[in-house]
Amino acid sequence: MGDLQVMTIASSDVDKDVPLEVSRNIAMAARTLQHMLTKAEPYQEAKFVWHRNWAAKRNLLIEMASQADLIVSSQWPALLLTNEAGIRPDLHFAHNVDWVLSELYDPLLFRLLQNGKRMKLREIDLLGNPCAVLALSKSDVERLRSNGIFAHHLALAPDVLAGPATRTGNLGFIGKMSWPPNKMAVDNLLNRVLPALNEKKEQPAEVVLAGRGSEAYAHRPNVRALGIVDSVDHFYNLVDLVVIPRTGESTGISVKMLEAASYGKMVVAPTKLITDAGLSPSRAIPADDTNQIVRKTDAWLRADAKNTGQPKQSNLFINSGMKTQIKVLLGEPTVKGKSVGPIASVWRGTLERWIPDLDSLINLAFDGNAGARVQTVNLHHIYLAMNRSDFRRSIATADFLSADGWPIVSSVNRSSSRPVHRVTGSDFLVRLLSDPRIKNTKVAIIGGSQTSHELMARRLSEAGAALVYSNFGRKEDWDVEEMTNELRKSNPSITLIAVTPPFGDLIANRMKEFDSPGFMIGIGGAIEMLLGIRKRAPFVVQRIRLEWAYRLIQDPRHLFRRYVLHCGPAYLRLILLVRETRRYSG
């Protein structure tokens, strides 16, 4: 086994690390606020980057990374520092989704500064940097994937079932009390759960608290506050049941819940927390509100009154399936100087969503997939995704993708065992208008010219369909939410986004975020080709894969930069991306 080097970034040791908290130091808090106001940084970034130790940490990381074969980052400060150092971690552990914490617990001033929105944009952007992302919570995996980050779930659980503990009748909670989720849980435990529980009992139950800040609760009745403990063994020897009343929205998992299970202690917690952590039913009791927590805690204490024995500690571990997955993730090489960037994880995440052929796309449009968004992908889209995080998210969050162009078809087929064929926007429109199912279909068109809309409305009418919504105004003036509301009133079955990338794909993605109705697909300039306003390359030119050259000759001033300067290098990087994907899949 090789050498392991560990670098801490943020801690209470401000002489060598960056401080975790700045709120108690007026000078630090003022400097942080200055960054938030002048540089529009989220609080979670602003409190670190100005500190004198931040640059030193960055330089140390660059030095360590130059000698490392594998780089793993963990939590937000490491994600931020690796990005600033220009380093792409092979693997990142996401303990929480920090923008959710901002949305839940930010003070009023931060809310006025829209810190939660800033943090979401920044965190999503930075999570696109690592080769792979592992989240501890199942809900966080879903949350990240819905925002374009193809995360995997890392399930942690005790490796053996521990034996019953010595009978104490005490409830327990351990953790840093100033952390907002913990503070809220402890307040709920002491102010609501404990009084209601003791109304049912002749002998009052006692709550044992441990961790930084727990001393503040020492004056409360039926509370034993231990403060910071030298060994958690002492805490777990004093309690029978660990209660975690963290109701409502949450992110991450309760590591202390898993720790309790490893000490043989039963846990009472909301169903969502138990499911997110992957804890087995034999180790946890689901309770989703105060009444359930009280009732189930009381029932368990009464039923367990006869249980005795010695605590038996087990260890937390990564389950065998996840071990295999991590080996695969870590086996993905980082090619120095040839990294394909954060598009790699997005590309892998799309491989099950490519539409195989034109027939499948037409069926998708007509056969009940009213809420689906299809993103057409060509080489220019790949270039944009390699250079823009918002465009990566657009591809990653699409319900389905269609391959437009032989480089994409070839790359998908080499990356996946599911073959795909080329599907262009022009071919789709021709088949759409000739399909008998088009009769009585409501269609919306966004983008293009007034002339193209008028001609297309006539073609739709001849096919028995109706153009129920038409927007050909200046795209710079569009209000996505307002347009979505107008679409809902028209209620189209099919919406055609006739706007070239990147704007067309981004606006389609935003409209779906606002629950836009109907099947939606980006078709770029296909309507103008269908109507003859723009000429499509002859069939023989298409067959020999030179359609791009035909278009370049037609409009060199607009297309030279895209086809030669952008798409050429993007194709070379796409070749590397396919090779990386094939290594990843074994």
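As shown above, the structure is provided for reference.
Residues numbered from 1 in each chain as written. Predicted model: local features only at pLDDT ≥ 70, side-chain atom pairs only at ≥ 80, totals over all residues. Heavy atoms only, no water.

(A) Structural view of the packing of aromatic side chains. Scanning the model with the defined rule gives seven aromatic pairs in all. Through a chain of ring-to-ring contacts, three or more aromatic side chains come together here, namely Phe-235, Tyr-236 and Tyr-263. (Phe/Tyr/Trp six-rings, centres within 6.5 Å; stacked < 30°, edge-to-face > 60°.)

(B) Representation of the packing of helix H22 (residues 480–490) against helix H23 (residues 503–513) in the model. At a minimum axis separation of 9 Å, H22 and H23 run at an interaxial angle of 65°. At the point where H22 passes H23, the crossing takes the right-handed sense. Mapping the contact onto sequence places Val-480, Met-483, Thr-484 and Leu-487 in H22 and Ile-507, Arg-510 and Met-511 in H23. Partitioning the contact of H22 with H23 into residue classes produces five nonpolar, one polar and one charged. (Axes fitted to C-alpha atoms, helices over the stretch in contact; angles between N-to-C directions. Helix = DSSP H or I, 4+ residues; strand = E, 2+ residues; numbered from the N terminus. Left-handed = near helix turned anticlockwise from the far one by under 90°. Contact = heavy atoms within 4.5 Å. Nonpolar A, V, L, I, M, F, W, Y, C, P; charged D, E, K, R; others polar.)

(C) View of helix H8 (residues 138–145). Residues Ser-139, Asp-140, Val-141, Arg-143 and Leu-144 constitute the buried set of H8. Looking at the packing, one finds that the buried side of H8 touches helix H5 (98–105), helix H7 (115–127), strand E5 (133–135), strand E6 (152–153) and helix H12 (271–277). For H8, the capping residue at the N-terminal end is Ser-137, with a side-chain oxygen 3.2 Å from the backbone nitrogen of Ser-139. (Buried < 20%, exposed > 50% of the residue type's maximum accessible area, 1.4 Å probe, protein only. Polar contact = N/O pair within 3.5 Å; in protein donor to acceptor, adjacent residues only side chain to side chain.)

(D) Quick look at a nonpolar patch on the surface. A surface patch of nonpolar side chains, amounting to about 380 Å² of accessible area, comprises Val-540, Ile-544, Leu-546 and Trp-548. Residue position: Val-540 is located in helix H25 (residues 539–543). With relative accessibility at 55%, the residue Val-540 sits in the exposed group. (Patch = residues over 30% accessible without salt bridge, like charges linked within 9 Å, V, L, I, M, F, W, Y side chains within 5 Å. Areas by Shrake-Rupley, 256 points an atom, 1.4 Å probe, with all protein chains shown as cover. Salt bridge = Lys/Arg side-chain N within 4 Å of Asp/Glu carboxyl O.)

(E) Structural context of the nonpolar core. Core analysis: the largest hydrophobic core is formed by 54 residues, its most contacted members being Phe-173, Leu-190, Leu-209, Tyr-236, Ile-244 and Met-257. In terms of residues, this core owes the most to one element, helix H9 (residues 180–198), which gives seven residues. Sequence-distant contacts of Tyr-236, defined by excluding residues within four places in its chain, comprise Ile-174, Val-242, Lys-256, Glu-259, Ala-260, Tyr-263 and Lys-265. Among the nonpolar cores identified, the runner-up in size contains 32 residues, and Met-7, Ala-10, Met-64 and Val-133 belong to it. (Core = buried A, V, L, I, M, F, W, Y, C linked by side-chain atoms within 4.5 Å.)

(F) Spatial organisation of the sheet that holds strand E4 (residues 91–94). Read across the open sheet, the four strands follow the order E3-E4-E5-E6; overall the sheet is parallel. One side of each edge strand has no neighbouring strand; the edge strands of this open sheet are strand E3 (72–74) and E6. Helix H4 (residues 75–84) rests against E3 and E4 of the sheet, and its axis sits at about 130° to E3. (Pairing = 2+ DSSP bridges.)

(G) Inspection of the environment of Asn-387 at higher detail. Looking at the element boundaries, Asn-387 is found in helix H17 (residues 379–387). Taking the relative accessible area as the measure of exposure, Asn-387 reaches 45% and is therefore partly exposed. A sequence separation of 183 residues divides Asn-387 from Ala-570, and the C-alpha atoms of the two residues are 9.9 Å apart.

(H) Structural detail: the pattern of salt bridges. Following the criterion strictly, the structure yields 13 salt bridges and no others. Between Arg-224 and Glu-206 there is a salt bridge whose closest N-O contact spans 3.1 Å. Of this pair, Arg-224 sits in strand E10 (residues 223–225) while Glu-206 sits in the loop between H9 and strand E9 (207–210), and the two are 18 residues apart along the sequence. A relative accessible area of 34% means that Arg-224 is categorised as partly exposed.

(I) Spatial organisation of the side chain of His-153. Following the sequence through the fold, His-153 ends up in strand E6. Within polar-contact distance, the side chain of His-153 engages the backbone oxygen of Leu-136 at 3.1 Å.

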